[in-house]
Amino acid sequence: MCGRRGGGALYIAEVQMTQCPGATPYPIPPAVQEAYGPADLSSLSLFGGGFINFGYWKGIGLDRPLTEHDRISSQQAMYRHVLAALAPVEGPKVLEVGSGLGVGCAVALEEYGFAHVTGMDIHPQQLKRAEQANADLLARRPEQLRFAHGAAESMPFAEGEFDCLYTVEAAQHFRDLDAFAREAARVLRPGGRAVIASFFVPDADPARPERLAELLDTYSTGLDVAHTIPQLTGSLERAGLTGVRATPIGASVWPGWDRWLARSWEPGAWPRNFLRAYREGSLDYFTVTAQRPMP
């Protein structure tokens, strides 16, 4: 089931992990290597339940003290928001790009009835953690869940292998949106659907990247890239995908995220600047949908 050829071998941890010896290797950016390797963002109390996203807070009351349950619920809700946008047909094969600990893959498999879910991540340590976090599910449903080592810009899969593709809060790390879009179009079957959820610059103002680097350490260190929505939608269209649509959902993300941060960070601390960047128009959160056209 491996469609890319070239030098390099893929990392294998357990029998459930995809092995595609011909897949092209892709370097892990240093800041990504640290954040998702030794630093292990998933272990921080800012997240919870194995998820690593800012959360979709619609329906969660922000006028009271937030609990750990609220935080985990917001992250699960982000996945449900994205998975609902896939509009799945019965029994499709689905790929998550940047799957982290794989807990979103578990939501996709157990709540949405997909026939098979593949979680792909660029970081080998994350894949090890994913297998540990999902050991019971892998044991119970080994034919329906797998984890694969690969980059968004160079996926180790065959053309048309998947019915749907989604990625949750990973695209801000991708270094080459054109390459990602080409790969997404390649691995989707005709008629297949893609959903990308993450935070992006909402316009083409050239001053935005410098401003984000001033406000947010994740941009100044290179962990996040100041991609714009016009760049992303343009990349998807150039790759041949159609029906490309970007929907802002920041009103359901940033206030809740900042309310949660307030438990640990004082106003003026750099993590609180996500809300500031949103309010001044430098950053927003989007759900972007696209489809591979039928022949």
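Residues numbered from 1 in each chain as written. Predicted model: local features only at pLDDT ≥ 70, side-chain atom pairs only at ≥ 80, totals over all residues. Heavy atoms only, no water.

- The name an unreviewed UniProt entry gives the protein is Putative methyltransferase, with Streptomyces lydicamycinicus as the organism.

## Section: the pattern of salt bridges
Okay, step 1: With the rule as written, the count across this model stands at 14 salt bridges.
Okay, step 2: Its salt-bridge partner being D40, residue R129 comes within 3.7 Å of it at the nearest N-O pair. On the criterion of sequence distance, the pair formed by R129 in helix α4 (residues 124–133) and D40 in the loop between α1 (30–36) and α2 (68–85) is long-range, its members being 89 residues apart.
Okay, step 3: Its relative accessible area of 15% is what places D40 among the buried residues. (Salt bridge = Lys/Arg side-chain N within 4 Å of Asp/Glu carboxyl O. Helix = DSSP H or I, 4+ residues; strand = E, 2+ residues; numbered from the N terminus. Buried < 20%, exposed > 50% of the residue type's maximum accessible area, 1.4 Å probe, protein only.)

## As for α2
Okay, step 1: For α2, which comprises 18 residues, the first-to-last C-alpha distance of 26 Å matches the rise-based estimate of 26 Å (1.5 Å per residue) to within 8%.
Okay, step 2: Along α2, the positions that sit buried rather than exposed are D70, R71, S73, S74, Q75, M78, Y79, V82, L83 and A85.
Okay, step 3: Where α2 is buried, its residues meet β2 (93–97), α3 (103–112), β5 (162–168), β6 (188–200), α10 (254–261) and β8 (284–291).
Okay, step 4: Just downstream of α2, A87 is the residue with a positive phi angle, here 45 degrees. (Expected span 1.5 Å × (residues − 1). Contact = heavy atoms within 4.5 Å.)

## Considering the packing of helix α6 (residues 177–187) against helix α9 (residues 229–238)
Okay, step 1: Between α6 and α9, the least distance of the axes is 8 Å, while the angle of their chain directions is 40 degrees. When the axes of α6 and α9 are compared, the pair comes out oblique. Here α6 runs over α9; the crossing is right-handed. For the pair formed by α6 and α9, the contact residues are L177, D178 and A181 on the first element and Q231, L232, S235, L236 and R238 on the second.
Okay, step 2: The class makeup of the residues in the contact of α6 with α9 is 4 nonpolar, 2 polar and 2 charged. (Axes fitted to C-alpha atoms, helices over the stretch in contact; angles between N-to-C directions. Parallel < 35°, antiparallel > 145°, perpendicular 65-115°, else oblique. Left-handed = near helix turned anticlockwise from the far one by under 90°. Nonpolar A, V, L, I, M, F, W, Y, C, P; charged D, E, K, R; others polar.)

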